[in-house]
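Structural description and commentary
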Amino acid sequence: AGLDPDDLSLIERRGRVLGPAYRLFYQEPLHITKGEGVWLYDGSGRKYLDAYNNVASLGHCHPKVVEAVTRQLGTLNTHTRYLHEGIVTYAESLLATMPESLGHVMFTCTGSEANDLALRVARSYTGRQGVIVTKLAYHGLTEAVAEISPSLGDFVPRGPRVRLIPAPNALFVPPAEQGAKLAADLAQAIAEMRAGGIEPAAFIVDTIFSSDGLYPDPAGFLKPAADLIRAEGGLFIADEVQPGFARTGEAFWGFQRHGLSPDLVTMGKPMGNGFPMAGVAIRPEIVSEFGAKARYFNTFGGNPVAAAAGLAVLQVIRDEGLQENAREVGGFLKQGLADLTAEREDIGHLRGAGLFLAVECVTERETNAPNAALAGHIVNHLRRNGVLISATGPGANILKIRPPLVLGRAEAQIFLDAVEMALAAA
Ligand code: PMP
């Protein structure tokens with residue numbers, strides 16, 4: 001519609017060279033040229049409140065990360081086969097945020113690679129092949145992890161060694177029964193897998209179930225399922241790509257909210273605040289044989305610049321109290337959304353932890369039937385008013401709100417005012 005001719009031509013050039021697999025957000029795509037804190041700017045200087053970005057978790061272009069990366073990039077950047085202080089200091093600092101049992105960390109460049117490595121290690125340690133995941137999970141893009149990412153749709157084949165279970169859903173299962181229900185579903189999947197002659201190597205979950213539709217509560221419900229997979233000789237892998245690094249406000253890692261200690265933890269996205277880095281934390285005994293046999297080398301993973309970025313991120317989260325801020329401002333945002341939507345028949349369940357919230361757009365509360373049109377209206381109305389979020393879930397009706405952790409109260413109020421206008425216009 002109101003698109004700039006230059007942007008129209010850029011869209012055309014983009015399609016020509018990038019091909020058909022790439023997607024743009026919004027009916028009117030955004031052309032962003034600069035980011036600072038919670039704000040993104042287009043070429044005309046118009047600013048947008050970024051309420052969707054969990055990569056730039058400390059805010060876009062955080063000066064401490066920019067400084068650390070720039071300094072290290074101007075000094076040395078090479079692989080991990082020379083001695084370097086950076087990777088060791090960073091690994092020590094990172095592991096200090098986790099249970100003591102997770103004694104090693106291995107570095108990759110993307111979350112996909114981290115999950116791919118975690119699967120290889122888990123299969124090698126257990127000598128088994130089976131993996132159980134939730135129905136709309138996303139764990140990444142390599143062939144091995146696409147196989148355990150059913151949110152990619154039926155186009156991506158899911159072999160016999162992968163079984164799906166429903167994500168915990170507080171809409172249909174009472175909170176007190178979530179833990180038992182998830183464990184029972186897992187038990188059934190394990191039994192079905194075994195009936196086909198496949199033994200379970202691992203149960204892997206995004207500990208906040210982002211692509212399934214965001215299911216954080218009640219904290220603790222994951223524990224029985226994690227205990228069960230271990231009792232059955234498999235491993236529990238926590239995918240912390242989304243909830244990790246203080247996003248939930250209540251804990252530094254999503255699994256900590258559930259009072260459990262995973263066998264492997266994968267992480268990525270906000271780890272370098274935009275610098276591409278990811279990794280896997282592992283119980284040492286699980287990787288000892290793998291490590292002896294499978295020489296691990298990742299050209300870019302854990303390089304000195306990544307280590308500098310990662311260390312700066314950990315320091316900023318601590319020094320700026322971002323976990324507390326996520327809890328505090330996240331609570332304010334959640335209450336504000338609850339107030340705005342209390343009287344609306346077309347807004348259903350509101351849930352979330354810290355600065356990761358989901359709002360269900362429904363045709364009526366009674367049935368909770370998805371209302372993708374309303375979600376689409378709100379997302380695009382907000383975008384026109386300079387606020388960025390997205391919609392997710394199987395019915396494309398769940399608003400996903402996930403701002404940088406530095407979001408302040410004043411900015412949260414700007415967000416709420418924009419939501420109020422979008423709702424009024426619906
Ligand atoms: N796991 C989860 C839970 C994710 O959300 C994502 C990315 N959306 C990944 C893994 C894959 O990470 P990456 O895109 O860095 O490969």
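Residues numbered from 1 in each chain as written. Predicted model: local features only at pLDDT ≥ 70, side-chain atom pairs only at ≥ 80, totals over all residues.

Turning next to the site of the ligand. Neighbouring the ligand are 15 residues, the closest being T110, G111, S112, D206 and V241. No other element matches helix α4 (residues 111-126), which puts three residues into the shell around the ligand. Across the shell around the ligand, the residue classes break down as four nonpolar, nine polar and two charged. (Near = placed C-beta within 6 Å. Helix = DSSP H or I, 4+ residues; strand = E, 2+ residues; numbered from the N terminus. Nonpolar A, V, L, I, M, F, W, Y, C, P; charged D, E, K, R; others polar.)

Spatially, the four strands line up as an open sheet ordered β1-β2-β3-β13, and their pairing is mixed. The open sheet terminates on both sides in strands that have one partner only, identified here as β1 (32-36) and β13 (387-388). Judged from the three bridges that link them, strand β2 (residues 39-42) and strand β3 (residues 47-50) form a sheet pairing that is antiparallel. Counted as the bridge partner of L40 is Y48 from β3. (Pairing = 2+ DSSP bridges.)

Let us now look at the environment of G408. Along the polypeptide, G408 turns up in the loop between β15 (398-401) and α13 (409-424). Residue classification places G408 among the partly exposed residues on the basis of 14 C-beta atoms within 10 Å. Taking C-alpha positions, G408 is 36 Å from P5, a pair spaced 403 residues apart along the chain. (Buried ≥ 20, exposed ≤ 12 C-beta atoms within 10 Å, placed from the backbone.)

Another aspect to go through is the environment of P168. Structurally, the position occupied by P168 is in the loop between β6 (162-165) and α6 (178-195). When the C-alpha positions of P168 and G321 are compared, they lie 31 Å apart, and in sequence the two are 153 residues distant.

Summary statistics for the protein give a mean pLDDT of 96 and a share of 100% for residues scoring 70 or more. Scored as a complex, the prediction yields pTM 0.97 and ipTM 0.99. (pLDDT = per-residue confidence, 0-100.)

Moving on, we get to α6. The end-to-end C-alpha separation of α6 is 26 Å, in line with the 26 Å expected for 18 residues at 1.5 Å each. Listed as buried for α6 are Q178, G179, L182, A183, D185, L186, A189, I190 and M193. One side of α6 carries all its buried residues, which in axial view fall inside an arc of 160°. Residues of α6 that are exposed and point more than 90 degrees away from the buried face comprise A191 and A195. (Expected span 1.5 Å × (residues − 1). Arc of directions from axis to C-beta.)

Our focus in this paragraph is the nonpolar core. Counting 124 residues, the largest nonpolar core has A122, L186, L264, V265, A309 and L399 as the members making the most contacts within it. In terms of residues, this core owes the most to one element, helix α10 (residues 304-319), which gives 10 residues. Dropping the residues within four chain positions of it, A309 is found in contact with V65, A68, V69, G272, N273, F275 and M277. (Core = buried A, V, L, I, M, F, W, Y, C linked by C-beta atoms within 7 Å. Contact = placed C-beta atoms within 7 Å.)

With that settled, the discussion passes to unusual backbone geometry. Of the consecutive residues D217 and P218, the connecting peptide bond is found in the cis state with omega at -5°. Tracing the chain through its elements places P218 in the loop between β7 (200-206) and α7 (223-231). Within the chain, A246 stands out as a residue other than glycine whose phi angle is a positive 80°. If you trace the backbone, A246 turns up in the loop between β8 (235-239) and α8 (254-257).

How two helices pack is summed up by the angle between their axes together with the distance between the axes. Interhelical geometry of α4 versus helix α9 (residues 284-293) gives an angle of 90° and a closest axis separation of 9 Å. Judged on the interaxial angle alone, α9 and α4 are roughly perpendicular. Where α4 approaches α9, its residues V121, S124 and Y125 are matched on the opposing element by I286, V287, E289 and F290. In the contact of α4 with α9, the residues fall into five nonpolar, one polar and one charged. (Axes fitted to C-alpha atoms, helices over the stretch in contact; angles between N-to-C directions. Parallel < 35°, antiparallel > 145°, perpendicular 65-115°, else oblique.)

This paragraph deals with helix α11 (residues 322-341). In this model α11 runs 27 Å from its N-terminal to its C-terminal C-alpha over 20 residues, within 8% of the 28 Å that 1.5 Å per residue would give. Among the structural elements, α10, β11 (347-353), β12 (356-361) and α13 are those in contact with the buried residues of α11.

Bringing the domain arrangement of the protein into the picture now. Domain boundaries assigned for the protein yield domain 1 (31-58 + 321-424) and domain 2 (64-319). Its C-alpha centre places domain 1 at a distance of 26 Å from the equivalent point of domain 2. If you look at the interface, domain 1 gives 25 residues, while domain 2 gives 26 residues. By residue number, the principal contributor to the side of domain 1 that touches domain 2 is α11, which donates five residues. Classifying every residue of the side of domain 1 that touches domain 2 gives 12 nonpolar, 10 polar and three charged. (Domains from an automatic or database assignment.)

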